[in-house]
Amino acid sequence: MAASRMDLDGRPIKPITICMIGAGGFIGSHLCEKLMSETPHKVLALDVYNDKIKHLLEPDSLPWAGRIQFHRLNIKHDSRLEGLIKMADLTINLAAICTPADYNTRPLDTIYSNFIDALPVVKYCSENNKRLIHFSTCEVYGKTIQSFLPKDSPLRQDPAYYVLKEDVSPCIFGSIEKQRWSYACAKQLIERLIYAEGAENGLEFTIVRPFNWIGPRMDFIPGIDGPSEGVPRVLACFSNNLLRREPLKLVDGGQSQRTFVYIKDAIEAVLLMIENPGRANGHIFNVGNPNNEVTVRQLAEMMTKVYTKVSGESALETPTIDVSSKEFYGEGYDDSDKRIPDMTIINKQLGWNPKTSLWDLLESTLTYQHRTYAEAIKKSMAKPTSS
Ligand SMILES: NC(=O)c1ccc[n+]([C@@H]2O[C@H](COP(=O)([O-])OP(=O)(O)OC[C@H]3O[C@@H](n4cnc5c(N)ncnc54)[C@H](O)[C@@H]3O)[C@@H](O)[C@H]2O)c1
Ligand SMILES: O=C(O)[C@H]1O[C@H](OP(=O)(O)OP(=O)(O)OC[C@H]2O[C@@H](n3ccc(=O)[nH]c3=O)[C@H](O)[C@@H]2O)[C@H](O)[C@@H](O)[C@@H]1O
């Protein structure tokens, strides 16, 4: 297998060692799975948790045993970090607080996690001449120019005012009391720092801006494998509602628009970046699926239909309810209005395109959610509640 693997320029790919920080999360677990099953590379997997990659670590008889090594550590305070970065050819940093419910309720933790805690990683890569792939976010674009145009302006139809381009679009955030933007702002500053390390000190870097990657193992189901009062990202919120047969909550009418990409498509893009450094270094890449755009309301309706199909259960009479953002997220919430990624740069550099339609990705994801959680939810709901 290893001998026949070629990069995009027809050169054989040499096995490398990757230091993956945040490897135990949603994206990390899929990336580890891909690297173990389809490549010869080694992974030093760093995280505080490993539940989502346990199936790759045990038992010892797995075909990739020895190629993946888990290190339980918190990058905030662990002297092993520099040594692990030095042992690897490439560092991928995925570690972050990245759930909107945290941005305005825990803005300090959010800023520390997304900026301060990432600083040593950038520094160690730069000082030791190690390549870095850093995970940023589409949230750095903030709001679209379109959202500031008058409602009846014909310019609203012009993609120049809403399609998000890495090298052209501005970053537009709300006021400081809208603490929602603490995440986007911290991510923007770390992007600028990495870019400057590249320009002034020659750091070899790639920045990834994911646009709503979704799929199995995303976040948690409250009360089952996460806190009962926790608020995960929208896929897990709506899955939880469907599993519990409660109406899906639409924040501020569910009018915001998103483009969703299947995690397995997105991981293909990351693998191309890993294995084609000459084409990926020095670039910032949007990774999303511009063809899968929906409003959050439309997402709720589609998830309800798909869940009915995969679970065999009937749909609720009242499938959705409206809730204010203040009630749902608290003071200081604000929202991105629309997120369509421009795909020019990733197409030109890596020839990557997403493949999976929204319906198909929801069908495979909700099949997984139903199989993984339906029984546990039934049991937890059958338990008498203490009075
Ligand atoms: N999922 C998406 O669509 C999406 C979109 C935009 C940006 N991103 C970015 O991609 C990255 C990964 O996202 P994800 O969806 O996999 O999130 P996730 O929360 O599932 O994974 C993040 C992982 O980092 C770990 N981590 C956090 N702080 C750490 C620390 N101090 N030390 C060690 N480990 C730590 C967490 O335990 C977790 O396992 C994040 O940087 C996020 O901002 C993701
Ligand atoms: O995934 C991304 O690309 C980025 O966007 C997410 O931000 P957002 O899309 O706003 O987060 P979601 O929780 O997925 O919410 C999507 C939309 O659904 C709405 N929502 C969420 C949950 C819910 O129960 N109901 C509901 O209407 C939110 O208000 C928002 O408008 C997170 O910031 C990060 O994971 C990431 O940086």
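The protein chain appears in an unreviewed UniProt entry as UDP-glucuronate decarboxylase from Gossypium anomalum. The annotation that UniProt attaches to the protein chain under Sequence similarities (unreviewed entry) is "Belongs to the NAD(P)-dependent epimerase/dehydratase family." Per its UniProt entry, the protein chain bears the Cofactor (unreviewed entry) comment "NAD(+)".

A. Fine view of helix α9 (residues 263-275). Compared with the 18 Å implied by 1.5 Å per residue over 13 residues, the 18 Å span of α9 between its first and last C-alpha is a close match. Counted residue by residue, α9 has ten buried out of 13 residues, so it is predominantly covered.

B. Structural view of the site of ligand 2. The environment of ligand 2 is formed by 26 residues, the closest being Tyr 103, Thr 137, Glu 139, Asn 212 and Asp 335. Between ligand 2 and the protein, one listed contact pairs an oxygen atom with a side-chain N or O atom of Arg 180 at 3.1 Å. Tyr 333 places a side-chain nitrogen or oxygen 2.8 Å from an oxygen atom of ligand 2. Protein chains shield 97% of the accessible area of ligand 2, which is 710 Å² for the free molecule. Of all the secondary-structure elements, those providing two or more residues to the shell around ligand 2 are α4 (100-103), α8 (234-243), β9 (248-251) and α12 (325-329). For the shell around ligand 2, the per-class residue count stands at 16 nonpolar, three polar and seven charged.

C. Quick peek at the side chain of Arg 258. Structurally, Arg 258 is set in strand β10 (residues 257-259). Under the relative-accessibility criterion, Arg 258 is labelled buried at 9%. One polar contact links Arg 258 to Asp 335, side chain to side chain, over a distance of 2.7 Å. One polar contact links the side chain of Arg 258 to the main-chain carbonyl oxygen of Ser 336, over a distance of 2.9 Å. The residues touching Arg 258, leaving out its near neighbours within four places in the chain, are Arg 180, Asn 212, Asn 292, Glu 293, Val 294, Asp 335, Ser 336 and Arg 339.

Calculation notes
Residues numbered from 1 in each chain as written. Chains lettered and ligands numbered in written order. Predicted model: local features only at pLDDT ≥ 70, side-chain atom pairs only at ≥ 80, totals over all residues. Heavy atoms only, no water. UniProt positions renumbered as here; feature names shortened; annotations may be inferred. Helix = DSSP H or I, 4+ residues; strand = E, 2+ residues; numbered from the N terminus. Expected span 1.5 Å × (residues − 1). Buried < 20%, exposed > 50% of the residue type's maximum accessible area, 1.4 Å probe, protein only. Near = heavy atom within 4 Å. Polar contact = N/O pair within 3.5 Å; in protein donor to acceptor, adjacent residues only side chain to side chain. Areas by Shrake-Rupley, 256 points an atom, 1.4 Å probe, with all protein chains shown as cover. Nonpolar A, V, L, I, M, F, W, Y, C, P; charged D, E, K, R; others polar. Contact = heavy atoms within 4.5 Å.

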